[in-house]
Amino acid sequence: MNVYRVSSWNELQDQLFADSWSEQLGRFRSRYAFRGLSDASYPLYTTLQRLGGSYEILEQHLLRNFRKYAHRSMVQRDSLWHWLSVAQHYGLPTRLLDWTYSPLIALHFATANIERFHTDGAIWAVNYVKVHQLIPESLISILSKEGANVFTVEMLSAELGSMEEFAALSKNDFALFFEPPSIDDRIVNQFAFFSLMWRIDAIFDEWLADYPDIWRKIIIPAELKWEIRDKLDQSNITERVLFPGMDGLSSWLKRHYSPKHTFTEVKT
């Protein structure tokens with residue numbers, strides 16, 4: 001069974017750090033990517049998919065105009081993978097999904113929106129090493145040559161210059177994870193990286209359903225959210241740290257000083 005509903009903070013920690021022991025390294029080194037959702041019913045849609053309509057056609061127009069109007073200093077190299085990373089980071093709808101290596105940061109995103117405290121939240125945990133055992137051999141060889149578990153934009157840029165080249169790698173769906181360039185403190189502090197599906201219209205959780213040994217979903221009951229939120233704040237896992245700058249500071253203060261609403265209340 002891949003879906004676990006926790007009932008306490010301690011049980012939640014056990015689930016978040018499950019399978020983190022590495023016999024080979026003799027260390028606790030999790031191989032999971034984590035994604036926090038304020039509502040457990042949300043699917044793993046990309047921001048591009050959430051646009052609806054003919055989003056497959058819109059992608060090229062969004063990226064073309066982003067590259068045209070964005071500051072060239074924002075990317076280290078003029079490559080598709082650098083531009084995709086920067087675009088996703090700054091809120092442009094893309095085919096990427098945000099993940100983090102940190103289960104506590106994922107927990108922050110599952111509990112940052114106090115207007116969703118009347119609903120159960122969720123943490124998705126996906127083993128990226130096992131995901132990368134399912135990718136085409138040409139991509140596996142790139143990771144093997146680098147001795148890496150996750151791609152970087154440099155590794156992808158050296159081999160794949162366009163989405164057409166990426167699509168030509170396989171006839172079957174697969175997913176991969178890659179790290180963006182550390183263009184600012186937000187990416188670094190959020191311990192962030194991205195996932196990408198082979199098909200632009202593929203839904204990640206639907207694909208995962210065929211591979212139950214590589215993922216789990218942890219359900220966070222609505223009644224636990226206030227306790228989790230307070231303990232994360234005391235641990236300094238807040239917007240002030242994850243979004244350095246005045247906007248992050250303001251978001252943290254607004255949430256921190258908002259009156260406590262019962263978890264059954266829906267704000268209107």
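Bear in mind the structure is a predicted one, so any value in this text is a computation, not a measurement.

(A) Spatial organisation of the nonpolar core. In terms of nonpolar packing, the biggest core is built from 28 residues, with W81, L139, F151, F166, L176 and F178 touching the most fellow members. Here this core takes 6 residues from helix α3 (residues 80–89), the largest share from any one element. Contact partners of F151, with chain neighbours within four places excluded, come to H132, I135, L139, I142, L143, L156, L176, F177, F178 and E179. By size, the runner-up hydrophobic cluster in this structure holds 21 residues, among which are V131, A175, W207 and L208.

(B) Expanded view of the side chain of K225. Turning to its location among the elements, K225 is positioned in helix α11 (residues 225–234). In this structure, K225 is buried with no salt-bridge partner, the nearest side chain bearing the opposite charge being D120 at 6.9 Å. Among the polar contacts made by the side chain of K225, one reaches the main-chain carbonyl oxygen of T119 at a distance of 2.9 Å.

(C) Up close: the packing of helix α2 (residues 55–69) against α3. Across the interface, α2 lies against α3 with an axial gap of 11 Å and an inter-helix angle of 90°. Regarding the angle of α2 to α3, the classification is roughly perpendicular. Contacts between α2 and α3 involve L63, F66 and R67 from the first element and L80, W83, L84, V86 and A87 from the second. Considered class by class, the residues forming the contact of α2 with α3 number 7 nonpolar, no polar and 1 charged.

(D) Looking closely at unusual backbone geometry. Non-glycine residue D19 carries a positive phi angle of around 65°. Here D19 is to be found in the loop between α1 (9–16) and β2 (21–22). For N236, which is not glycine, the phi dihedral falls at a positive 65°. Residue placement: N236 occurs in the loop between α11 and α12 (239–242).

(E) Layout of helix α6 (residues 137–146). Every buried residue of α6 is accounted for by L139, I142 and L143. On an axial view of α6, the arc spanned by its buried residues comes to 90°, and they lie on one face. Away from its buried face by more than 90 degrees, α6 exposes E137, S144 and K145. Against β7 (151–152), α7 (153–159) and β8 (175–179) lie the buried residues of α6. G147, located one to two residues past α6, shows a positive phi value of around 65°.

Cut-offs used in this document
- Residues numbered from 1 in each chain as written.
- Predicted model: local features only at pLDDT ≥ 70, side-chain atom pairs only at ≥ 80, totals over all residues.
- Heavy atoms only, no water.
- Core = buried A, V, L, I, M, F, W, Y, C linked by side-chain atoms within 4.5 Å.
- Buried < 20%, exposed > 50% of the residue type's maximum accessible area, 1.4 Å probe, protein only.
- Helix = DSSP H or I, 4+ residues; strand = E, 2+ residues; numbered from the N terminus.
- Contact = heavy atoms within 4.5 Å.
- Lys, Arg positive; Asp, Glu negative; His and termini not counted.
- Salt bridge = Lys/Arg side-chain N within 4 Å of Asp/Glu carboxyl O.
- Polar contact = N/O pair within 3.5 Å; in protein donor to acceptor, adjacent residues only side chain to side chain.
- Axes fitted to C-alpha atoms, helices over the stretch in contact; angles between N-to-C directions.
- Parallel < 35°, antiparallel > 145°, perpendicular 65-115°, else oblique.
- Nonpolar A, V, L, I, M, F, W, Y, C, P; charged D, E, K, R; others polar.
- Arc of directions from axis to C-beta.

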